[in-house]
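# Residue-level structural notes
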Amino acid sequence: MKCWTTQNRRARLIAAGIELVSFEVRPFEGAGPLRFGMTSGEVHAHLGAPRIVRRNRRGELDEDYSVASAGYAGSDERLVEVAFTSAVSVTFGGANLFRDDDAVSVLVGLDGGPLAGLDIIVFPSLGIALADYFSEQESDRVITVFAKGRWTKLKGFVPFLK
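All of the points below concern the structure found in this document. (Residues numbered from 1 in each chain as written. Predicted model: local features only at pLDDT ≥ 70, side-chain atom pairs only at ≥ 80, totals over all residues. Heavy atoms only, no water.)

## Looking at the sheet that holds strand β10 (residues 115–117)
Strand pairing in a sheet relies on backbone hydrogen bonds, with the paired strands running either antiparallel or parallel. With antiparallel pairing, nine strands are arranged side by side in an open sheet as β4-β5-β6-β7-β13-β12-β11-β10-β14. At either end of the open sheet lies a strand with only one pairing partner, and these are β4 (52–55) and β14 (158–159). As defined by bridge partners, β10 adjoins strand β11 (residues 120–123) across three bridges and the pair is classed as antiparallel. Considered in β11, the bridge of G117 is made with I120. On top of the sheet, helix α2 (residues 40–47) reaches β5 (61–64), β6 (68–73) and β7 (78–85); it is set at about 165° to β6, its chief contact. (Pairing = 2+ DSSP bridges. Helix = DSSP H or I, 4+ residues; strand = E, 2+ residues; numbered from the N terminus. Contact = heavy atoms within 4.5 Å. Axes fitted to C-alpha atoms, helices over the stretch in contact; angles between N-to-C directions.)

## Some thoughts on the pairing of strand β8 (residues 89–92)
Burial of the side chains of β8 extends over both faces: S89 and T91 are buried on one face and V90 and F92 on the other. As paired strands, strand β1 (residues 22–26) and β8 are joined by three bridges and run parallel to one another. Its bridge partner being in β8, E24 is matched across the sheet by T91. As defined by bridge partners, β8 adjoins strand β9 (residues 95–96) across two bridges and the pair is classed as antiparallel. In the strand pairing of β9, T91 is matched with N96. (Buried < 20%, exposed > 50% of the residue type's maximum accessible area, 1.4 Å probe, protein only.)

## Concerning the packing of aromatic side chains
All chains considered together, the criterion is met by four aromatic pairs. Relative to F84, the ring of F23 has its centre 4.6 Å away and its plane inclined at 40°; by these criteria the two rings are tilted. Separated by 61 residues along the polypeptide, F23 in strand β1 and F84 in strand β7 bring together distant segments of the chain. Taking the relative accessible area as the measure of exposure, F23 reaches 2% and is therefore buried. On the basis of relative accessibility, which here comes to 0%, the residue F84 falls in the buried class. On the basis of an interplanar angle of 20° and a centroid distance of 5.5 Å, the ring pair of F146 and W151 is categorised as stacked. Owing to a relative accessible area of 1%, F146 belongs among the buried residues under this scheme. The class of W151 is partly exposed, set by a relative accessible area of 23%. Here the aromatic cluster, defined as three or more aromatic residues joined through ring pairs, consists of F28, F146 and W151. In this structure, R141 packs its charged tip against the face of Y133, placed 5.7 Å from the ring centre. Cation over ring: K148 sits above F28, and NZ or CZ is 3.9 Å from the ring centre. (Phe/Tyr/Trp six-rings, centres within 6.5 Å; stacked < 30°, edge-to-face > 60°. Lys NZ or Arg CZ within 6 Å of the ring centre and 35° of its normal.)

Below is the structure:
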């Protein structure tokens, strides 16, 4: 099995024309061209065909792409969350959430009540979650944006103190 570094992954995405996309987060609306409530076909129009399609433990549709994972819910399977890899630029309020050193401080200041648990920081007032954010390997980090009503039952999460 081949292990791709973030740099190698970016090079492949640039060659495919994907790295040029920046996903600006809009709380509870989506990121970049992706809007919550889209069908999988509409998401495919922006991200291409998924590499993997499966059902999660709740029976919801999940699709994995080279730059993100998309989660769908409801009887009509509409987009409710997107988890981005560090191979793309994800911004919020002008800050690059993967690369700006003060990104967490900015989010803490805007949210007012972030929660932490399981190596995840959730900003419930912004619809953003950061996973493995303090990992030394940027390629381990994941930024998830979610629709209102998602990420509301967080067992074992405590107030985040930085």
